[in-house]
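Chain by chain, the residues:
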Amino acid sequence: MVVDFFCVYLFWISFGLVIDGLGQPSYSGLGIAVYFICVDLSLTAMFGLSPGRAAAGIRVIRVSDGGAPGLRRAALRIALVVVTGVPGVVYWDVASIVDYFLGTSFGSARLWWDALAGTAVVRSTRWGPAPILSRTELQNLRRLYGLGG
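None of these values were measured; they are calculated from a predicted model. Positions within a chain are numbered from 1, following the residues in the order the chain's sequence is written. Owing to the predicted nature of the model, reporting of local features is limited to residues with pLDDT of at least 70; listing and counting of side-chain atom pairs is limited to 80 or more, with chain, interface and lining totals taken over all residues. Values shown for side chains rest on all heavy atoms present in the structure; no hydrogens or waters enter the calculation.

## Focus on the overall build of the protein chain
Reasoning step 1: By the criteria applied, helices consist of DSSP H or I runs no shorter than four residues and strands consist of E runs no shorter than two, each listed in order from the N terminus. Along its length, the protein chain carries 6 helices and 2 strands.
Reasoning step 2: Secondary structure of the protein chain in N-to-C order comes out as α-α-α-β-α-α-β-α.
Reasoning step 3: We call a residue buried when its accessible area falls under 20% of the maximum for its residue type, exposed when it is over 50%, and partly exposed in between, using a 1.4 Å probe and counting protein chains only. Counting all 149 residues of the protein chain, 35% fall into the buried class.
Reasoning step 4: Any pair of residues with heavy atoms lying within 4.5 Å of one another is described as a contacting pair. Long-range pairs, those at least 24 residues apart, make up 59% of the contacts in the protein chain with a sequence separation of at least 6.
Reasoning step 5: Methods summary: accessible areas were calculated by the Shrake-Rupley approach with a probe of 1.4 Å, and residue burial reflects only the protein chains presented. Counting every atom, the protein chain has about 8900 Å² of accessible surface; 70% of that belongs to carbon and sulfur.

As structure tokens, then:
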């Protein structure tokens, strides 16, 4: 998340400077929206990645078949992240800490934007296409999230 926030901030500042330099300061605040639409949406839709996810070795996949999320799922996921981000991250952090230290969880560590978009976050250490998951891995992922096997 730190890498993603840094990239958003850097893009926003750069975009604002360019727009101000072009004499259109009233549009300089649109940098964050432009970042999410042009950078985050395209990377998430095609590869399940963002700069932060790539740095962390994780990516977003479709739960149905393990492929990249696609435009519709990525757009829904990003919109929900933007709208409900802080409470979702706090819940996920607490659920993960409880699970780590106590070995039990009071809920799925899957965030609601992933649940609603039909996506999940998986480990992946490379750029390019999403990792190919075996039928068993996909069934286990669906079972983990209560989607049947």
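## Some remarks on helix α2 (residues 31–47)
Reasoning step 1: By this rule the span expected of a helix is its residue count minus one, scaled by 1.5 Å. If you check α2, its first and last C-alpha atoms are 22 Å apart, about what 17 residues at 1.5 Å a residue would give, namely 24 Å.
Reasoning step 2: We define the bend at any residue as the angle between the axes fitted to the seven residues before and including it, ending there, and the seven starting there. Where α2 bends most, at D40, the angle is about 35 degrees.
Reasoning step 3: Once α2 finishes, G48 follows within two positions and takes phi at roughly 75 degrees, a positive value.

## Thoughts on the nonpolar core
Reasoning step 1: Listed in full, the 7 residues of the largest apolar core are I61, V63, A120, V122, L133, L138 and L141.
Reasoning step 2: Listed by contribution, the elements that provide at least two residues to this core are β2 (119–123) and α6 (135–144).
Reasoning step 3: Ignoring anything within four residues of it in the chain, the contact list for L141 reads I61, A120 and V122. Definition used in this section: a nonpolar core is a set of buried Ala, Val, Leu, Ile, Met, Phe, Trp, Tyr and Cys residues joined via side-chain atoms within 4.5 Å.

## Section: the side chain of T44
Reasoning step 1: Structurally, T44 can be placed in helix α2.
Reasoning step 2: Among the residues examined, T44 registers a relative accessible area of 0% and is labelled buried.
Reasoning step 3: At a separation of 3.2 Å, a polar atom in the side chain of T44 contacts the side chain of R53.
Reasoning step 4: With residues near it in sequence (within four places) discarded, T44 still touches L49, R53, P69, A74 and I78. Throughout this description, a polar contact denotes any pair of N or O atoms lying within 3.5 Å of each other; where both atoms belong to protein, one of them has to be capable of donating a hydrogen while the other can accept it, and for residues adjacent in sequence the pair is counted only when both atoms sit in side chains.

## Structural notes on the packing of helix α1 (residues 2–21) against α2
Reasoning step 1: Orientation is described by lines fitted to C-alpha atoms, with helices fitted over the stretch in contact, and by angles between N-to-C directions that extend from 0 to 180 degrees. Where α1 meets α2, the axes come as close as 8 Å, and the angle between the chain directions of the two elements is 120 degrees. Taken together, the axes of α1 and α2 are oblique relative to one another. As for the relative orientation of α1 and α2, their crossing is right-handed in sense. Of the residues in α2, those touching α1 at C7, V8, F11, W12 and F15 are G31, I32, V34, Y35, F36 and V39.
Reasoning step 2: In this count, Pro and Cys sit with the nonpolar residues alongside Ala, Val, Leu, Ile, Met, Phe, Trp and Tyr, while Asp, Glu, Lys and Arg are called charged and the others, Gly among them, polar. When the residues that make up the contact of α1 with α2 are grouped by side-chain class, the tally is 10 nonpolar, 1 polar and no charged. Any angle between 65 and 115 degrees counts as roughly perpendicular, while under 35 counts as roughly parallel, over 145 as roughly antiparallel, and the rest as oblique. The crossing is said to be left-handed when, going from far helix to near helix, the turn is anticlockwise and less than a right angle, and right-handed when the turn is clockwise.

## Side note on the pattern of salt bridges
Reasoning step 1: By convention in these notes, a salt bridge is any Lys or Arg side-chain nitrogen within 4 Å of a carboxyl oxygen on Asp or Glu. Taken as a whole, this structure holds 3 salt bridges when the rule is applied.
Reasoning step 2: R53 is the partner of D40 in a salt bridge, and the nearest nitrogen-oxygen pair spans 3.9 Å. One end of the pair, D40, is in helix α2; the other, R53, is in helix α3 (residues 51–56), and 13 residues separate them in sequence. R53 matches D40 in its accessibility class, with the two residues each being buried.
Reasoning step 3: For D65, the salt bridge goes to R62, with nearest N and O atoms at 2.7 Å.
Reasoning step 4: D65 gets classed as partly exposed once you look at its relative accessible area, which sits at 40%.

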